[in-house]
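# Structure at a glance
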Amino acid sequence: MLIRRDHNLAETYQKFRTLWMAEGDFLREKLNIRWLVSATDTFAAHDSDMAVRAVAMMTSAVVNTVKMYESERYLTDTLDTTMAPAHVEDVQHRLIPLFEGMSCFTVGTDDTLRNMVWRMEPFMALDPVGPIFQEIWARLQINDTAFARFKAQHKRDKTSWWDEA
């Protein structure tokens with residue numbers, strides 16, 4: 001709150017950053033995603049290290065994209081996400097166009113997310129925001145999100161994108 005109100009901003013932000021460096025493990029374990037994203041938003045807005053800011057923005061972008069999708073599900077009354085077997089079969093055999101050269105995710109086998117995770121992993125090591133991103137990413141695989149629903153349908157080990165650890 002003090003940071004949002006610009007109260008002794010440099011000093012207050014430094015205390016915030018120091019807290020995360022010292023207590024990050026505890027905070028990641030105890031805070032829900034909403035507060036973890038709030039923390040990354042603070043890093044994105046105020047850290048002097050552009051790499052920290054970039055990872056913080058990446059975290060916010062991933063979470064807000066999922067939040068938009070899940071909100072649209074609610075607002076359009078499409079909470080039943082049972083996949084139509086005929087459509088699942090269809091995407092296995094042909095590219096289903098979406099927009100601007102994009103095509104549907106191939107349910108069960110697609111390597112898009114595995115490749116994305118390989119690219120994200122180095123960023124997840126950058127303190128103090130990388131471990132927050134890693135924690136949020138893990139939770140997106142287990143909460144009722146598109147990631148968890150697609151994970152449940154995935155059958156090719158080679159292209160799995162989640163960490164079972």
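A brief report on the enclosed structure follows. All figures in this text were calculated on a predicted structure; none of them were measured in a lab.

### Observations regarding the pattern of salt bridges
Inspection of every chain in the model, using the stated rule, returns 10 salt bridges. Between Asp-25 and Arg-28 there is a salt bridge, and its shortest N-O distance comes to 2.3 Å. Linking Asp-25 with Arg-28, this pair stays in helix α1 (residues 9–30), spanning 3 residues, or about one helical turn. Residue class for Asp-25 comes out exposed when judged on its relative accessible area of 60%. The shortest N-O distance in the salt bridge between Arg-73 and Glu-70 comes to 2.4 Å. Note that Arg-73 and Glu-70 are positioned in helix α3 (residues 50–75) at a spacing of 3 residues, about one turn of the helix.

### Description of the nonpolar core
Buried together is how nonpolar side chains tend to be arranged in soluble globular proteins. With 30 residues, the main nonpolar core has Trp-20, Phe-43, Ile-136, Trp-137 and Leu-140 as its most contacted residues. Those elements that provide at least two residues to this core are α1, α2 (33–46), α3, α5 (112–120) and α6 (129–140). Among all residues touching Phe-43, those that are not within four sequence positions of it are Tyr-13, Phe-16, Arg-17, Trp-20, Val-52, Arg-53, Ala-56, Pro-128, Val-129 and Ile-132.

Rules and cut-offs
All chains use their own residue numbering, which begins from 1 and follows the written sequence. Confidence filtering applies because this is a predicted model: local features only for residues at pLDDT of at least 70, side-chain atom pairs given and counted only at 80 or more, and all residues used for totals across whole chains, interfaces and linings. Just so you know, side-chain values use all the structure's heavy atoms and leave hydrogens and water out. By definition here, a salt bridge exists when the distance from a side-chain nitrogen of Lys or Arg to a carboxyl oxygen of Asp or Glu is within 4 Å. Helix and strand assignments come from DSSP, with helices taken as H or I runs of at least 4 residues and strands as E runs of at least 2, each series counted from the N terminus. Summary of the burial criterion: residues with accessible area below 20% of their type's maximum are buried, those above 50% are exposed, and those between are partly exposed, where the area comes from a 1.4 Å probe applied to protein chains only. To define a nonpolar core, start from buried Ala, Val, Leu, Ile, Met, Phe, Trp, Tyr and Cys residues and group those joined through side-chain atoms within 4.5 Å. It only takes one pair of heavy atoms within 4.5 Å for two residues to be counted as in contact.

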